[in-house]
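# Observations on chain architecture
The primary structure of each chain is shown beneath.
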Amino acid sequence: MEYRSHIRRDVSLRALNTFGVEARAQMLAEIGSIGQLQGLLSEVEGVPLRVLGGGSNVLLRGDVDGLVLLDRIPGVEVVRREGTAVWVAAGGGLDWHALVEWTLEHGLSGLENLSLIPGTVGAAPIQNIGAYGVELCEVFEALEAVELSTGRCRIFTGEECAFGYRDSIFKRSEKGRWFITRVVLRLSSEPRLNLSYGALQETLREMGVQRPTPRDVSRAVIRIRRSKLPDPARLGNAGSFFKNPELPAETFRTLQRRHPDLPGYPLPDGRVKVPAAWLIERAGWKGRREGAVGCHERQPLVIVHFGGGTGEAIWHFARQVQRSVEERFGIRLVPEVNVW
Ligand code: FAD
Ligand code: NAP
């Protein structure tokens, strides 16, 4: 079989990135199975390769040379049960929220706080997705990935993924080297709820829920997200553009003396997490627009593309926000979005 015949040439990526910017891939192939991926890899030696899921965490600054591999590997199944623990394996190309829905329909708890995060299952470990007090690493068991340079298959345990805040080994030493084909999660048939985020408790109260189920928590998360975050189908964006900075306690105290209303959330390691959105708002960027790009009016950490702009213009705008926060607070924001 000739796998190269699966390759399309000079393909627009506009519909494949949630910023909705135009950029062209020199070559693109949809991958539906490990066999197909390994076959294709053996025929494209020397070609630069990139992996794309739902395009909800990338900024395309320009056209992409080489071959873009779209993870479309499907499937979800229970692979093991032990007491109340249930292990679920899902294909890397499955839509993340479809997986969350599937687990809720099967009476499983663990993913409810991660409802409505755009993108695919295969991308979830890359930045250890997190929201409303829960991170992927808390339910992660293992993943299976194919090395792009050799086609060899390997299993990574949670420890080997070295997860951190919006971080993993796949954003550091193993960056760009693997295609994640399958992820295994350890969920629970009994509710294991995390209601630590104030907004979640408030919304459940507004919904009149006294003893929440995982489904109630999912509904509450969806309600908050819909009210606060722009829908990429209507307004181009990639979620939070920058990570929330984690500061040494002393740096935080010094800053707080100058800005007494600076919010801070203490971390187990003694550092303090500061909302980047607060810094950006205080630097004057909330709701500010320059041409086709701006900071969202309700959540300024989200950089939005109003249409007709370029990836380069978004990058230029983001750099201005970054510089301005650094000048005002001495904190250098680090992009969370993957810049191509
Ligand atoms: P892509 O954007 O396609 O890719 C992201 C990176 O992962 C790229 O570097 C790509 O090369 C790599 N990659 C993708 N798939 C694979 C694979 N199978 N194997 C190897 N590498 C791969 N993130 C959060 O953590 N929490 C949130 O609450 C959250 N909310 C968001 C809200 C909105 C409105 C938007 C637009 C984004 C949000 N995000 C959030 C960011 C984004 O949804 C996640 O990072 C998501 O996991 C990205 O998935 P994706 O498939 O779109 O990845
Ligand atoms: P938010 O709830 O207004 O919170 C703003 C900031 O405060 C975030 O830095 C959040 O940290 C932190 N925070 C709030 N309550 C906290 C608590 N009880 N303990 C520790 N930290 C707390 O933020 P939001 O923008 O509306 O987003 C809600 C959730 O969805 C957040 O978890 C956020 O990370 C996630 N989200 C992520 C993206 C993305 O693209 N990455 C996009 C939208 C929403 P954390 O960010 O560490 O949670």
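Preceding this section is the structure that the text describes.
The structure presented is a predicted model; accordingly, all values stated were derived computationally and were not measured. (Residues numbered from 1 in each chain as written. Chains lettered and ligands numbered in written order. Predicted model: local features only at pLDDT ≥ 70, side-chain atom pairs only at ≥ 80, totals over all residues. Heavy atoms only, no water.)

## Notes on the site of ligand 1
Close contacts around ligand 1 come from 32 residues, with V51, G53, S56, T120 and R225 the closest. Within the contact set of ligand 1, an oxygen atom lies 2.6 Å away from a side-chain nitrogen or oxygen of S56. Compared with its free state, where it exposes 980 Å², ligand 1 has 92% of that area covered by protein. Residue assignment for the shell around ligand 1 shows that the elements contributing at least two residues are β3 (49-52), β8 (130-131), β12 (178-188) and β13 (236-240). (Near = heavy atom within 4 Å. Polar contact = N/O pair within 3.5 Å; in protein donor to acceptor, adjacent residues only side chain to side chain. Areas by Shrake-Rupley, 256 points an atom, 1.4 Å probe, with all protein chains shown as cover. Helix = DSSP H or I, 4+ residues; strand = E, 2+ residues; numbered from the N terminus.)

## Focus on the layout of surface pockets
The computed volume of the second largest pocket comes to approximately 220 Å³. Along its surface, the second largest pocket is lined by 14 residues, and G110, E138, V139, R186 and R192 are the ones closest to its centre. In terms of residues, the lining of the second largest pocket owes the most to one element, β12, which gives three residues. Class assignment for the residues of the lining of the second largest pocket results in four nonpolar, six polar and four charged. (1 Å grid on protein atoms, 1.4 Å probe; cavity = no way out; pocket = protein on both sides within 12 Å on 5 of 7 lines; lining within 4 Å. Points joined across faces, edges and corners; volume = space filled by probe spheres on them. Nonpolar A, V, L, I, M, F, W, Y, C, P; charged D, E, K, R; others polar.)

## So, the site of ligand 2
Surrounding ligand 2, one finds 18 residues, the nearest of these being R166, Y197, N244, K273 and Q299. A distance of 3.0 Å separates an oxygen atom of ligand 2 from a polar atom in the backbone of Y132. At 2.8 Å from an oxygen atom of ligand 2 is found a side-chain nitrogen or oxygen belonging to K228. Contact with the protein chains hides 80% of the accessible area of ligand 2, taken as 800 Å² for the molecule alone. At the level of elements, β8, α5 (214-228) and β13 are the ones that each hand at least two residues to the shell around ligand 2. Each residue belonging to the shell around ligand 2 can be placed in one class, and the counts come to seven nonpolar, six polar and five charged.

## Re the packing of aromatic side chains
Using the criterion set out here, one finds eight aromatic pairs in the structure. For the pair F19 and F241, a centre-to-centre distance of 6.4 Å together with 55° between the ring planes defines the contact as tilted. Here F19, found in the loop between β1 (8-12) and β2 (24-31), pairs with F241, found in the loop between β13 and β14 (246-247); they are 222 residues apart in sequence, far enough to count as distant. Among the residues examined, F19 registers a relative accessible area of 2% and is labelled buried. (Phe/Tyr/Trp six-rings, centres within 6.5 Å; stacked < 30°, edge-to-face > 60°. Buried < 20%, exposed > 50% of the residue type's maximum accessible area, 1.4 Å probe, protein only.)

## Focus on the sheet that holds β14
Taking strand neighbours across the sheet as the criterion, the three strands line up as β14-β16-β15 in an open arrangement whose pairing is antiparallel. Two strands bound the open sheet, and with one partner strand each, they are β14 and β15 (265-266). Both β14 and strand β16 (residues 272-273) contribute to a ladder of two bridges, which runs antiparallel. Each bridged residue has a counterpart across the sheet, and for L247 the counterpart in β16 is V272. (Pairing = 2+ DSSP bridges.)

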